[in-house]
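Coordinates in review
Now for the letters of each chain:
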Amino acid sequence: QVQLVESGGGLVQAGGSLKLSCAASGRTFSAYYMAWFRQAPGKERELVAGISWSGGDTDYEDSVKGRFTISRDNAKNTVYLQMNSLKAEDTAVYYCAAAEGRYYRPLDYHYWGQGTQVTVSS
């Protein structure tokens, strides 16, 4: 089992940047594919970005490509999401999640953080 704790959310103006962090504890961090999801009010939870066990492969939702970067530091048991050129439509609760496979659906992830709010003012 793995426990996940996100940090770094907040209020930012459109065009600004934020960096989210997710610290993991428990089982070996490098054994998990890591992802960031987000959920806006009234909308389904969606995959924002994912990163493979070694960090060599990444996946991004189309609307964030070129603006967001996911990375991980297995020595620090931490995954990051650097968010640049933020838009009002990026406003959501952002969740860190871990899975043993490379999945794209929320239901395939068994471990979740508590979420961190990101609000982008226009």
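The preceding data block contains the structure.
A few points on the structure. (Residues numbered from 1 in each chain as written. Predicted model: local features only at pLDDT ≥ 70, side-chain atom pairs only at ≥ 80, totals over all residues. Heavy atoms only, no water.)

Overview of the environment of asparagine 84
Tracing the backbone shows asparagine 84 in the loop between β8 (78-83) and β9 (92-99). Along the chain, asparagine 84 and glycine 16 lie 68 residues apart, while their C-alpha atoms are 6.2 Å from each other. Residues in contact with asparagine 84, not counting those within four places in the same chain, are Gly16, Ser17, Arg67 and Phe68. Within the structure, the side chain of asparagine 84 is placed 2.9 Å from the side chain of glutamine 82, a separation counted as a polar contact. (Helix = DSSP H or I, 4+ residues; strand = E, 2+ residues; numbered from the N terminus. Contact = heavy atoms within 4.5 Å. Polar contact = N/O pair within 3.5 Å; in protein donor to acceptor, adjacent residues only side chain to side chain.)

Some words on the pairing of strand β7 (residues 68-73)
Every regular strand shows the same layout, with side chains that alternate between the two sheet faces. In β7, alternate side chains face the same way, and those of Phe68, Ile70 and Arg72 are buried while those of Thr69, Ser71 and Asp73 on the opposite face are not. Bridge analysis of β7 against β8 gives six bridges, and the strand direction is antiparallel. From the neighbouring strand, phenylalanine 68 faces β8, where its bridge partner is methionine 83. Connecting β7 to the next strand, β8, in antiparallel fashion are four residues, including asparagine 77 with a positive phi near 55 degrees. (Buried < 20%, exposed > 50% of the residue type's maximum accessible area, 1.4 Å probe, protein only. Pairing = 2+ DSSP bridges.)

Some thoughts on the state of the cysteines
This structure, assessed with the given rule, holds one disulfide. Between cysteine 22 and cysteine 96 runs a disulfide, and the two sulfur atoms are separated by 2.1 Å. Linking cysteine 22 and cysteine 96, the disulfide has an S-S dihedral of approximately -80 degrees and is accordingly described as left-handed. Within this pair, whereas cysteine 22 is found in strand β3 (residues 18-26), its partner cysteine 96 is found in strand β9, the two being separated by 74 residues in sequence. Taking relative accessible area as the criterion, cysteine 22 reaches 0% and is therefore assigned buried. (Disulfide = S-S within 2.5 Å.)

Focus: the pairing of strand β4 (residues 33-39)
Most of β4 sits inside the fold, with six of its seven residues counted as buried. Pairing analysis gives seven bridges linking β4 to β9, with the strands arranged antiparallel. Residue pairing across strands places alanine 35 opposite alanine 97, the latter belonging to β9. Both β4 and strand β5 (residues 46-51) contribute to a ladder of five bridges, which runs antiparallel. Within β5, the residue paired with arginine 38 across the bridge is glutamate 46. Between the antiparallel neighbours β4 and β5 lie six residues, among them glycine 42 with a positive phi of about 80 degrees.

Spatial relationships are all this shows, so hold off on functional conclusions.
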